Amino acid sequence: MSDVPDEKIPPLLLHLVPESAEYIAEKYRMSAESAVLTRDAVVDLYEVLAECFTTPVLMPQLESPTPDPELLGRCWGFVERIVDHTSRHVSGAVYFEVLEQLLNADGLVEAAWPYMKERSRARTVKMLNFYGILLPGINRR
């Protein structure tokens, strides 16, 4: 289970994935460094993950013919820190705004898989099994 307090998750995102800074700043109309310290960033975690991480940073890398392995490693390092969080608010945000988004286009789970860590992989396999999606080498042998 995650040991990251809820209010530390937005700052953790900014620290591990500074590429999210411009999107955070745009969303809150203040510096990203200030925005991640606000209560709104915690309350809006679903939106923060969707609008400032998954859509503008993670997905373009997964869809790129030449992804940045270092950036993807940091992205999945962030996800790994919070994927099994004890708070339903946090774990639900990760599930719906990060992992489930991998189902939006063919090949995204496979593109993400090499960069995912143990807990993220386990949660992804549960998600795939729940939806009845079998992917060779991932949840189908």
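Residues numbered from 1 in each chain as written. Predicted model: local features only at pLDDT ≥ 70, side-chain atom pairs only at ≥ 80, totals over all residues. Heavy atoms only, no water.

K.L.:
Give me the lowdown on helix H5 (residues 45-63), citing residues and values where you can.
P.N.:
Because an α-helix packs 3.6 residues into every turn, residues spaced three or four apart end up facing the same way. With 19 residues, H5 extends only 24 Å from end C-alpha to end C-alpha; this falls clearly short of the ideal 27 Å at 1.5 Å per step. Thr54 marks the point of greatest bend in H5, at about 50°, and the proline Pro56 comes within the next four residues. (Helix = DSSP H or I, 4+ residues; strand = E, 2+ residues; numbered from the N terminus. Expected span 1.5 Å × (residues − 1). Bend = angle between axes of the 7 residues up to and from the residue.)

K.L.:
I'd like a rundown of the nonpolar core, residues and numbers included.
P.N.:
The nonpolar side chains of a soluble globular protein tend to be buried with one another. Ranked by internal contacts, the top residues of the largest apolar core, which has 45 residues, are Ile24, Phe53, Leu62, Trp76, Phe78, Leu99 and Leu102. At the level of secondary structure, the elements contributing two or more residues to this core comprise helix H1 (9-16), helix H2 (21-28), helix H3 (32-35), H5, helix H6 (69-82), helix H7 (88-99), helix H8 (108-112) and helix H9 (118-131). Looking at this core element by element, the count peaks at nine residues for H5. Once you skip the residues sitting within four places of it in the chain, Leu99 turns out to touch Trp76, Val83, Val94, Met116, Arg123, Thr124 and Met127. (Core = buried A, V, L, I, M, F, W, Y, C linked by side-chain atoms within 4.5 Å. Buried < 20%, exposed > 50% of the residue type's maximum accessible area, 1.4 Å probe, protein only. Contact = heavy atoms within 4.5 Å.)

K.L.:
Describe the environment of Tyr131, with residues and values.
P.N.:
Tracing the sequence through the fold places Tyr131 in helix H9. Judged by relative accessible area, Tyr131 falls into the partly exposed class, the value being 37%. When the C-alpha positions of Tyr131 and Tyr23 are compared, they lie 31 Å apart, and in sequence the two are 108 residues distant. Filtering out sequence-adjacent residues up to four positions away, Tyr131 remains in contact with Tyr95, Glu100 and Leu103.

K.L.:
Got a sec to walk through the packing of aromatic side chains? Specific residues and values, please.
P.N.:
Taken as a whole and judged by the stated rule, the model has three aromatic pairs. Seen in terms of ring centroids, Phe53 and Phe78 are 5.4 Å apart; in terms of plane orientation they differ by 70°. Their pairing is edge-to-face. Of this pair, Phe53 sits in helix H5 while Phe78 is found in helix H6, placing the two residues 25 residues apart along the sequence. Relative accessible area serves as the criterion here: at 0%, Phe53 is assigned to the buried category. Plain terms: the ring middles of Tyr95 and Phe96 are 5.0 Å apart, the flat faces sit at 80° to each other, and that makes the pair edge-to-face. When the ring centre of Tyr28 is taken as reference, the NZ or CZ atom of Lys27 above it lies at 5.4 Å. (Phe/Tyr/Trp six-rings, centres within 6.5 Å; stacked < 30°, edge-to-face > 60°. Lys NZ or Arg CZ within 6 Å of the ring centre and 35° of its normal.)

K.L.:
Describe the environment of Ala111, naming the residues involved and giving the relevant values.
P.N.:
Mapped onto the elements, Ala111 comes out in helix H8. On a C-alpha basis, the gap between Ala111 and Gly137 in space is 12 Å, while along the polypeptide they are 26 residues apart.

K.L.:
Please provide a residue-by-residue account of H1, values included.
P.N.:
Buried residues of H1: Ile9, Pro10, Leu12, Leu13 and Leu14, and no others. Buried-residue contacts for H1 involve H2, H3, helix H4 (39-43), H5, H6 and H7.

K.L.:
Describe in detail the packing of H2 against H5, supporting the description with residues and values.
P.N.:
Put simply, H2 and H5 touch, their axes get as near as 9 Å, and they point 140° apart. Comparing their axes, H5 and H2 come out oblique. Read as a crossing pair, H2 and H5 show a hand that is right-handed. In this structure, H2 contributes Tyr23, Ile24, Lys27 and Tyr28 to the contact, and H5 contributes Glu47, Val48, Glu51, Cys52, Pro56 and Val57. Here the residues of the contact of H2 with H5 are counted per class, giving seven nonpolar, no polar and three charged. (Axes fitted to C-alpha atoms, helices over the stretch in contact; angles between N-to-C directions. Parallel < 35°, antiparallel > 145°, perpendicular 65-115°, else oblique. Left-handed = near helix turned anticlockwise from the far one by under 90°. Nonpolar A, V, L, I, M, F, W, Y, C, P; charged D, E, K, R; others polar.)

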